[in-house]
Amino acid sequence: MSQIEIVEIIEQIKQEIEVDANGQAKASLRATARLAGVSAVAILKTLDSVNLEPSKLAQMLMDSGFEAVNLTEWRTVGIPDMGIAIILEYYAYEAGRYCTKQARLVCRSFNTIGIRAWIQDKLGWTKPVTDNKTGMTEIQLLAALAKHLAEQEQHLLQQQQQQTEILYRLKAVEVEQDRVNTPCGHKYSVVGFANLQGLEISVKEAGTKGRKASALCRKQGIEIERIHDPRFGKVGLYPESVLIEVFSTSQN
């Protein structure tokens, strides 16, 4: 979960929040669940539990001054901003294994000004300006900050992608430099070189080409490296240039 995704969620639930003339705000059960990063069913179970054995979250809401009857009504009339704040805090820090990273991120994003101010701004509600003074509201400042953080995150992602591309290109350059700096090019077995060229070769033919490659190496003073092969025992590794000459001569 990132600042970019939080901004997207906020835009998706704007139609499910409202604010009255006094600035008091509320959101639907579904919108509250989206903010907390949980299912609407989880919130619904909390509201229903007040009539039987109140859950931990229901008890937190009632300890904050909400009546049981209020919680029951929220499923249809919406959840007030102060209730939303408690629900977010619960799923951010108090829900144990049900805590969500999204709830923590939303809490950190809006704790400085409160959920009410955020909802007011999203619905365009503003407090009457006195003394002809104008300026950015706290929520507008927060929105600008959230946008800035999202842009920074996007820029970081682009930088990481660019770094990955640069490392890939550097690796390709290193491979090519290694090929150039290696005397006579890379070394291959006869069968390995044939496979690299997409050629089929028999055991007898591989032996013949191996002897020719060995002769050329001795003639040119090139040391023949030998490795273990499960099919042929020890096989020689010959420079690419030598194998090219051997295979070209055979074709001619």
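Now for a quick tour of the structure.

Another aspect to go through is the sheet that holds strand β4 (residues 187-188). With antiparallel pairing, 3 strands are arranged side by side in an open sheet as β4-β6-β5. Whereas interior strands pair on both sides, the edge strands pair on one side only; in this sheet they are β4 and β5 (225-229). Pairing between β4 and strand β6 (residues 233-239): 2 bridges, direction antiparallel. Bridge assignment links Lys187 to a residue of β6, and that residue is Pro239. In the packing of helix α11 (residues 203-220) onto the sheet, contacts are made with β5 and β6, and the angle to β6 comes to roughly 55°.

For helix α2 (residues 29-36), a buried count of 6 out of 8 residues is recorded, marking the element as mostly surrounded by other parts of the structure. All buried positions along α2 are accounted for by Leu29, Ala31, Thr32, Ala33, Leu35 and Ala36. Downstream of α2 by a residue or two, Gly37 has a phi angle that is positive, lying close to 75°.

Sheet architecture is open: 3 strands sit in the order β1-β2-β3, paired in antiparallel fashion. At either end of the open sheet lies a strand with only one pairing partner, and these are β1 (17-19) and β3 (79-80). In terms of strand pairing, β1 meets strand β2 (residues 25-27) through 3 bridges, oriented antiparallel. For Val19, the partnering residue across the bridge sits in β2 and is Ala25.

Attention shifts here to the nonpolar core. Ranked by size, the top nonpolar core spans 35 residues in total, and within it Ile43, Leu61, Leu71 and Tyr91 carry the most contacts. Contributing elements (two or more residues each) for this core: α1 (3-13), β2, α2, α3 (40-48), α4 (56-63), α5 (68-77), α6 (81-94) and α7 (101-110). A per-element tally of this core places α6 first, with 7 residues. Here Leu71 is in contact with Leu47, Val50, Ala58, Leu61 and Phe66, once residues within four sequence places are set aside. One finds Leu216, Cys217, Val242 and Leu243 within the second-largest nonpolar core, a separate group that totals 15 residues.

All right, on to the packing of aromatic side chains then. Tallying each qualifying case throughout the model produces 4 aromatic pairs. Judged by centre distance (4.9 Å) and plane angle (80°), the rings of Phe66 and Trp74 are edge-to-face. On the basis of relative accessible area, Trp74 is assigned to the buried category, the value being 4%. Both rings, one in Tyr90 and one in Tyr91, keep their centres 4.9 Å apart while their planes meet at 80°; by these two values the pair is edge-to-face. We note that Tyr90, like Tyr91, is buried. In textbook terms, an aromatic cluster arises when at least three aromatic residues are bridged by ring pairs, as seen for Tyr188, Phe193 and Phe247.

Analysis parameters
- Residues numbered from 1 in each chain as written.
- Predicted model: local features only at pLDDT ≥ 70, side-chain atom pairs only at ≥ 80, totals over all residues.
- Heavy atoms only, no water.
- Pairing = 2+ DSSP bridges.
- Helix = DSSP H or I, 4+ residues; strand = E, 2+ residues; numbered from the N terminus.
- Contact = heavy atoms within 4.5 Å.
- Axes fitted to C-alpha atoms, helices over the stretch in contact; angles between N-to-C directions.
- Buried < 20%, exposed > 50% of the residue type's maximum accessible area, 1.4 Å probe, protein only.
- Core = buried A, V, L, I, M, F, W, Y, C linked by side-chain atoms within 4.5 Å.
- Phe/Tyr/Trp six-rings, centres within 6.5 Å; stacked < 30°, edge-to-face > 60°.

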